[in-house]
Amino acid sequence: MAASALYKAPDVAGYGDVPYEEKARLFDLVKADLRYPDYLYGCYECGICVAVCPSARFYDFSPRRVAQAAAREDVELIYQQMQEDIWECSQCFSCLRCPRGNNPGGIITIMREVAVNNGLASAREALEGYSRIIYKIMSTGTQVSPDMLQPDAFPDWGPEVKDVSDNLDLWRRALPPETLHTTRTGWDVAPRTLVELYLIWFETGALDMIKGVDEGLHMILEEVMEERLEEEGVER
Ligand code: SF4
Ligand code: SF4
């Protein structure tokens, strides 16, 4: 059933200024995603997903609330979560332990994609501080390594960035990540791999998703990628 035909609940979730039809349209997009039927089978309200969720320990966030809102087709609550809750999820997928077979983190992935594709304010805000990260990842085809966390490069990331960069060796001894990667180790991407990544981002629409939230960044990335593909003699 289309969400727009469902019972219209009172505006307890806020966002009363946004037409119900628009909220229903967004929820319909979430439900239309091919992955959605595999991610939601109902909810026992057992709370196992909350117990294993790292984000639930630190934020006012609950994967159970997300699964329940989706199961009840609560259009107002789903919209509120798209504007607030979903950005607290760390996408670790520990919640896959759900005994009902749900994938709350997966539902959130879809909700995020819909939020980004539709230029929701929450998506713009959530990604605002990450434009340089997105630029790095998508232009170089590799990840951001801890030794890139310098206060000069990330002045808006608060005092902890300076603390981390000043004591990076200590942090890394205390909390060694698996790869211990830095810009000097395990960071370079083979030219052929980079071209393949560029083509994937073009063809899957991943690059276009950025347009809705940061047009300037999209333009720069598009230019970088097109130039590289041209240099390599690759036609799209
Ligand atoms: S994927 Fe998100 S909702 Fe699921 S356990 Fe991880 S942080 Fe929590
Ligand atoms: S673990 Fe599954 S069934 Fe239990 S509350 Fe979470 S989503 Fe619902």
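Just so you know, these numbers come straight off a predicted model, no measurement behind them.

Asks: Would you mind going over the layout of surface pockets in detail, with residue names and values included?
Replies: Of the volumes computed, that of the largest pocket is approximately 640 Å³. Forming the boundary of the largest pocket are 17 residues, of which Trp-87, Arg-112, Val-116, Leu-127 and Ile-134 lie nearest the centre. Elements supplying a minimum of two residues to the lining of the largest pocket: helix H7 (104-117), helix H8 (121-128), helix H9 (131-140) and helix H13 (206-213). Across the lining of the largest pocket, the residue classes break down as 13 nonpolar, two polar and two charged.

Asks: Any details on the pattern of salt bridges? Residues and values, ideally.
Replies: Taken as a whole and assessed by the stated rule, the structure comprises eleven salt bridges. For Arg-72, the salt bridge identified is with Glu-45, shortest N-O distance 3.1 Å. One end of the pair, Arg-72, is in the loop between helix H5 (63-71) and helix H6 (75-83); the other, Glu-45, is in the loop between helix H2 (36-39) and helix H3 (48-52), and 27 residues separate them in sequence. Judged by relative accessible area, which is 55%, Arg-72 ranks as exposed. Here Asp-85 ties to Arg-65 by a salt bridge, and the two come within 3.3 Å at their closest N and O atoms. Placement of Asp-85 in the loop between H6 and H7 and of Arg-65 in helix H5 is noted, with a sequence separation of 20 residues between them. Judged by relative accessible area, Asp-85 falls into the buried class, the value being 8%. The exposure class of Arg-65 is partly exposed, given its relative accessible area of 32%.

Asks: A description of the site of ligand 1 should follow, citing residues and the corresponding values.
Replies: As a structural note, the neighbourhood of ligand 1 is formed by 13 residues, with Cys-53, Cys-89, Cys-92, Phe-93 and Cys-95 the closest of them. Each residue belonging to the shell around ligand 1 can be placed in one class, and the counts come to eight nonpolar, five polar and no charged.

Rules and cut-offs
Residues numbered from 1 in each chain as written. Chains lettered and ligands numbered in written order. Predicted model: local features only at pLDDT ≥ 70, side-chain atom pairs only at ≥ 80, totals over all residues. Heavy atoms only, no water. 1 Å grid on protein atoms, 1.4 Å probe; cavity = no way out; pocket = protein on both sides within 12 Å on 5 of 7 lines; lining within 4 Å. Points joined across faces, edges and corners; volume = space filled by probe spheres on them. Helix = DSSP H or I, 4+ residues; strand = E, 2+ residues; numbered from the N terminus. Nonpolar A, V, L, I, M, F, W, Y, C, P; charged D, E, K, R; others polar. Salt bridge = Lys/Arg side-chain N within 4 Å of Asp/Glu carboxyl O. Buried < 20%, exposed > 50% of the residue type's maximum accessible area, 1.4 Å probe, protein only. Near = heavy atom within 4 Å.

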